[in-house]
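# Secondary and tertiary structure notes
Given next are the chains, with one letter for each unit.
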Amino acid sequence: MESRNNYVDLAGTLAGKPVSSHSGRDGDSVVEYYTFPLQITRLSGTSDTVNVNAAKNLLDDTELTGEGDRVAVRGELRTFNNKSGEGAKLVVSVFAREIELSDSDEHNLIVLRGTICKPPNLRRTPMGREICDLMLAVNRRYD
C-alpha cells in the first residue's frame, strides 16, 4: 500500500465494456476518458459494482478483451454531487492510475486519510444494522 491520502486497490471482474465518458486536458493535449463497471464479490457472497474511470491510453495498454476479464485496478476514490434531476445524488467512482489483467482473489481496499468535517452520525437501519455516516475532507494530489 502506498502512503497517500487517497488510495484504492481493487480486483474483480469486468462487468461491461468501457464506454466513452468525457475528455480533459493534460497540458497541451486532450485526453479521452472511459468508464467501465467492475464487479467485486464480498466475503458474504454479495457483489458490489464500482464504476472505474480511466484514460484511453491506460485501457489500450491493458488490452482488455471484454466482459468477464479479471482486472486489478489501483487509483483514487472520487466523489461528486450530481445535481441533474431531482435532488442531489452523491456519485462515487474510482479514478484508475494503474490497470492490469489479474488472476488475484477479488478484493476491495480503500484507504482515506483526512479531516473529519462534522461529527459522525451513528444510526441504525430498519433491519437493525448499525451504520456510521461521516464527512471526510481528503486533500487531492495534483500531478
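First, a word on what this report is: a plain description of the structure on this page. Sequence order as written defines the numbering, with residues in each chain counted from 1. Note on the predicted model: pLDDT of at least 70 is required for a residue's local features to be given, and 80 or more for side-chain atom pairs to be given and counted; whole-chain, interface and lining totals, by contrast, use all residues. Side-chain measures were taken over the full set of non-hydrogen atoms in the model, leaving aside hydrogen atoms and water.

The next subject is the overall build of the chain. Counting secondary structure elements, the chain contains one helix and eleven strands. Over its C-alpha atoms, taken along the principal directions, the chain stretches across nearly 45 × 40 × 35 Å. Scored against the burial criterion, the 143 residues of the chain give a buried share of 30%. Charged residues are defined here as Lys and Arg on the positive side and Asp and Glu on the negative side; His and the ends of the chain fall outside this count. Note on charges: their place is set at NZ of Lys, CZ of Arg, CG of Asp or CD of Glu. The distance from the centre of the 18 positive side-chain charges to the centre of the 21 negative ones in the chain is 8 Å. Put simply, DSSP marks the helices as runs of H or I at least four residues long and the strands as runs of E at least two long, and each gets a number from the N terminus on. Residue exposure (1.4 Å probe, protein chains only): buried if accessible area is under 20% of the type maximum, exposed if over 50%, otherwise partly exposed.

Within this scheme, the nonpolar core is defined by two criteria: the residues are buried Ala, Val, Leu, Ile, Met, Phe, Trp, Tyr or Cys, and they are joined through side-chain atoms within 4.5 Å. Core analysis: the largest hydrophobic core is formed by 16 residues, its most contacted members being Phe-36, Leu-38, Val-73 and Ile-99. Looking at this core, the elements with two or more residues in it are strand 1 (6-14), strand 3 (29-41), strand 4 (47-55), helix 1 (56-62), strand 5 (70-82) and strand 6 (89-101). By the convention used here, residues are in contact when the closest approach between their heavy atoms is within 4.5 Å. For Phe-36, the contacting residues outside a window of four places in its chain are Leu-14, Gly-16, Lys-17, Pro-18, Val-50, Asn-51, Val-52, Ala-54, Leu-59, Val-73 and Ile-99.

Before going further, it helps to examine the pattern of salt bridges. Salt bridges are counted wherever a side-chain nitrogen of Lys or Arg sits within 4 Å of a carboxyl oxygen of Asp or Glu. Counting across every chain of the model gives ten salt bridges. For Arg-4, the salt bridge goes to Glu-76, with nearest N and O atoms at 3.3 Å. Here the residue Arg-4 occupies a position in the segment before strand 1, and Glu-76 occupies one in strand 5, the gap between them amounting to 72 residues. Judged on exposure class, the residue Arg-4 and its partner Glu-76 are both buried. Between Glu-130 and Arg-124 there is a salt bridge, with the nearest N and O atoms lying 2.9 Å from each other. When sorted by exposure, Glu-130 lands in the same class as Arg-124, which is exposed. Residues participating in the shared-partner salt-bridge network are Arg-4, Glu-76, Arg-78 and Arg-97.

Here we come to the pairing of strand 4. Sheet topology places strand 3 next to strand 4; nine bridges connect them, and they run antiparallel. Looking at the pairing, Gln-39 lines up with Thr-49 of strand 4. Here, strands pair whenever DSSP counts at least two bridges between them. From the end of strand 3 to the start of strand 4, which pair antiparallel, there are five residues, and Gly-45 there has a positive phi angle of about 100°.

When the centres of two rings from Phe, Tyr and Trp lie within 6.5 Å, Trp using its six-membered ring, the rings pair. Their planes under 30 degrees apart give stacked, over 60 give edge-to-face, and anything left gives tilted. Applying the stated rule across the entire model yields one aromatic pair. Their ring planes at 50° and their centres at 6.2 Å tell us that Tyr-33 and Phe-95 sit as a pair that is tilted. On the criterion of sequence distance, the pair formed by Tyr-33 in strand 3 and Phe-95 in strand 6 is long-range, its members being 62 residues apart. On the accessibility criterion, Tyr-33 (16% relative accessible area) is buried. In our convention, an over-ring charge means Lys NZ or Arg CZ found within 6 Å of a ring centre and within 35 degrees of that ring's normal. Across from the ring centre of Phe-95, 4.5 Å away, lies the NZ or CZ of Arg-78, which sits over that ring.

So, on to the environment of Arg-25. Positionally, Arg-25 belongs in strand 2 (residues 19-26). Residues Arg-25 and Phe-80, 55 residues apart in the sequence, show an inter-C-alpha distance of 19 Å.

It is worth spelling out the state of the cysteines at this point. What counts as a disulfide here is a pair of cysteine sulfur atoms lying within 2.5 Å. With the rule as written, the count across this model stands at zero disulfides. The thiol sulfur of Cys-117 is not disulfide-bonded, and the nearest other cysteine sulfur, from Cys-132, lies at 14 Å.

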